[in-house]
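Chain by chain, the residues run as shown.
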Amino acid sequence: MSPANRSVTRPFLPVIAALLLATGASLAAADEAKPAAPAKAVVRIDAGAPADHKDAEGNLWLADQGFVGGDVIERDSDMKIANTTNQSIYHTEHYGMDSFSYKVANGKYTVKLHFAETYEGIDGAGQRVFSFNVEGHEYKDFDVFVKSGGIQRAYVLTVEVEVTDGKLDITFKSNVENPEINGIEIIPAS
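Given the structure is predicted, the values throughout are model-derived calculations rather than measurements. (Residues numbered from 1 in each chain as written. Predicted model: local features only at pLDDT ≥ 70, side-chain atom pairs only at ≥ 80, totals over all residues. Heavy atoms only, no water.)

K.L.:
I'm lost on the sheet that holds strand S7 (residues 99-103) in this one. Help?
P.N.:
Within a sheet, neighbouring strands are paired by backbone hydrogen bonds and run either parallel or antiparallel to one another. As summarised here, the arrangement of the 5 strands in space is S4-S7-S12-S9-S10, forming an open sheet in which the pairing is antiparallel. Where the open sheet ends on each side, the last strands, each with one partner, are strand S4 (67-68) and strand S10 (137-142). When S7 meets strand S12 (residues 167-176), the two strands line up antiparallel, connected through 5 bridges. From the neighbouring strand, Ser-99 faces S12, where its bridge partner is Thr-171. (Pairing = 2+ DSSP bridges. Helix = DSSP H or I, 4+ residues; strand = E, 2+ residues; numbered from the N terminus.)

K.L.:
For this particular structure, what's the right way to read the pairing of S12?
P.N.:
Consecutive side chains along a regular strand alternate between the two faces of the sheet. Bridge count for strand S9 (residues 129-134) against S12 is 6 bridges, and the pairing is antiparallel. Across the sheet, residue Asn-133 finds its bridge partner in S12, namely Thr-171.

K.L.:
Help me understand the confidence of the model for the protein, please; the structure alone is not making it clear to me.
P.N.:
Reading fine detail from the predicted coordinates is not recommended where pLDDT is low. Within the protein, residue pLDDT values average 86, and 79% of them lie at 70 or more. A low-confidence stretch, residues 25-38 (pLDDT under 50), is modelled with 0 contacts involving residues beyond four sequence positions or located in other chains. (pLDDT = per-residue confidence, 0-100. Contact = heavy atoms within 4.5 Å.)

K.L.:
Looking at this structure, I do not really get the pairing of strand S14 (residues 183-188). What am I missing?
P.N.:
A large share of S14 lies buried, amounting to 5 of its 6 residues. Here strand S8 (residues 107-115) runs beside S14; their pairing, made up of 6 bridges, is antiparallel. Paired with Lys-112 across the two strands is Glu-185, which belongs to S14. (Buried < 20%, exposed > 50% of the residue type's maximum accessible area, 1.4 Å probe, protein only.)

K.L.:
How do you make sense of the nonpolar core when you look at a structure like this?
P.N.:
Across soluble globular proteins, nonpolar side chains show a tendency to be buried alongside one another. One finds Phe-100, Leu-113, Phe-115 and Ile-184 to be the most contacted residues of the largest nonpolar core, which totals 29 residues. Only strand S1 (43-46), S7, S8, S9, strand S11 (155-163), S12 and S14 provide two or more residues apiece to this core. Not counting residues up to four positions away in its chain, the partners in contact with Phe-115 are Tyr-90, Phe-130, Phe-132, Phe-142, Val-144, Arg-153, Ala-154, Tyr-155, Leu-157, Glu-180, Ile-181 and Asn-182. (Core = buried A, V, L, I, M, F, W, Y, C linked by side-chain atoms within 4.5 Å.)

Below is the structure:
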């Protein structure tokens, strides 16, 4: 390199070094400013509910969402449901659905499915039977009346799952009458 080129190059070295240091500091500050990954939170869906609400224990339940197909219904708010302190969850339902899906972080969860037979057209075993799959856990020939012990009685099924694709999936299949559900809780494993 000629002496003329050296004099031109050398003044730029401190400038380049200062820029690299500043950029590195900016990148480090940007890394520190990034929010931490969100903590997994409990999600509660009140199937069939038109709006979010809190239950008797102060837990937030989100309005009906995440279902594909089917319809919703609200029952009389005076209807008494046995085996629960949270009556309102069982006064609404989603029925006739094909599936449910909700985005969650990958990891292990406890899923609680809430059921109660509240349809006045069903008054005995075998009148509503359906199958469903919760993240690979198959439940065949599920009869709400039998599991709960009769009409207007709450039954909660607890399933331990591991989500690996960023969403909790449940599929439903009718055997006799439409599948139905009153609520879904998605609780991160501790």
